[in-house]
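Report on the structure
Chain residues, written in single-letter form:
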Amino acid sequence: MRSGNRFSGRPLHAGVAVGPVLALDQPLSFWGGYSATEGRIVAEGHPQRGMRAVDHVLVMPSEVGSSSSASVFAEAIRLGTAPAAIITGHSDGILLAGALVGAQLYDVVVPIIAMAPEDVARVQTGLMLSIDVDGGCCVEDPDPARAEVQR
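The structure presented is a predicted model; accordingly, all values stated were derived computationally and were not measured. (Residues numbered from 1 in each chain as written. Predicted model: local features only at pLDDT ≥ 70, side-chain atom pairs only at ≥ 80, totals over all residues. Heavy atoms only, no water.)

Along its length, the protein carries four helices and 10 strands. The secondary structure elements of the protein, listed N-terminal to C-terminal, are β-β-β-β-β-β-α-β-α-β-α-β-β-α. A buried classification covers 50% of the 151 residues belonging to the protein. In the protein, the share of contacts with a sequence separation of at least 24, taken over all contacts with a separation of at least 6, comes to 77%. Surface summary for the protein: the accessible area is close to 6,900 Å², and the carbon and sulfur share equals 50%. (Helix = DSSP H or I, 4+ residues; strand = E, 2+ residues; numbered from the N terminus. Buried < 20%, exposed > 50% of the residue type's maximum accessible area, 1.4 Å probe, protein only. Contact = heavy atoms within 4.5 Å. Areas by Shrake-Rupley, 256 points an atom, 1.4 Å probe, with all protein chains shown as cover.)

Quick look at the structure:
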């Protein structure tokens, strides 16, 4: 992708965020799949297991629903270990509940954007992504010092 590519999505939880992309190859459940204390993907067998998502824009094809995922996500927001934003190709609203709790209780907004699956597939790890309040996303060329995915 070249600098300045724009995507738009439907904001499920509107907000502003900037960060390097961590694009997941498979859906993720925060319940049992994300460590709120470490900000790391811990799901057994997940291709991105061990990667840190803290301060990244987490891009995933979909979330795996479990009502407990909302509480794990809210706890990650409280601890400061949540992604900067989440973009998903299909949302079931579970993470939205966690984001709403995080905003209400901890005054921290983590935007969640629903985007067309074909656009989600084009956003790759390492790119810098900025999200505006209306759900627009602008992909920039990565700054290697900031966009490195942490293991």
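Picking up after the structure, the text goes on.
A contiguous nonpolar surface patch, about 320 Å² in accessible area, is contributed by Val101, Leu105, Tyr106 and Val108. Among the secondary structure elements, Leu105 is positioned in helix 2 (residues 94-106). (Patch = residues over 30% accessible without salt bridge, like charges linked within 9 Å, V, L, I, M, F, W, Y side chains within 5 Å. Salt bridge = Lys/Arg side-chain N within 4 Å of Asp/Glu carboxyl O.)

What follows is about the packing of aromatic side chains. Scanning the model with the defined rule gives two aromatic pairs in all. Ring geometry for Phe30 and Phe73: centres 5.2 Å apart, planes at 70 degrees, overall edge-to-face. Of this pair, Phe30 sits in the loop between strand 3 (17-23) and strand 4 (34-35) while Phe73 sits in helix 1 (residues 67-79), placing them 43 residues apart in sequence. We note that Phe30, like Phe73, is buried. Members of the aromatic cluster, joined through ring pairs, are Phe30, Tyr34 and Phe73. (Phe/Tyr/Trp six-rings, centres within 6.5 Å; stacked < 30°, edge-to-face > 60°.)

With 86% of its residues at a pLDDT of 70 or more, the protein shows a mean pLDDT of 86. Considering each helix and strand of the protein separately, the mean pLDDT is smallest for helix 4 (residues 144-147), with a value of 46, and largest for strand 4, with 98. This stretch, residues 146-151, has a pLDDT under 50; its non-local contacts, to residues over four places away or in other chains, come to 19 contacts. (pLDDT = per-residue confidence, 0-100.)

This next bit is on the pattern of salt bridges. The tally for this structure, following the rule as stated, stands at four salt bridges. Among the ionic pairs, Glu38 bridges to Arg40, the shortest N-O distance being 3.2 Å. Overall, Glu38 belongs to the partly exposed group, its relative accessible area being 40%. Look at Arg40 and you get buried, because its relative accessible area is 19%.

Right, let's get into helix 2. With 13 residues, helix 2 should cover 18 Å at 1.5 Å per step; its first-to-last C-alpha distance of 18 Å lies within 8% of that length. Residues Leu95, Gly98, Ala99 and Gly102 constitute the buried set of helix 2. Relative to the axis of helix 2, the buried residues are bounded by an arc of 100 degrees and lie together on one face. Relative to its buried face, helix 2 has exposed residues pointing more than 90 degrees away, namely Gln104 and Leu105. (Expected span 1.5 Å × (residues − 1). Arc of directions from axis to C-beta.)

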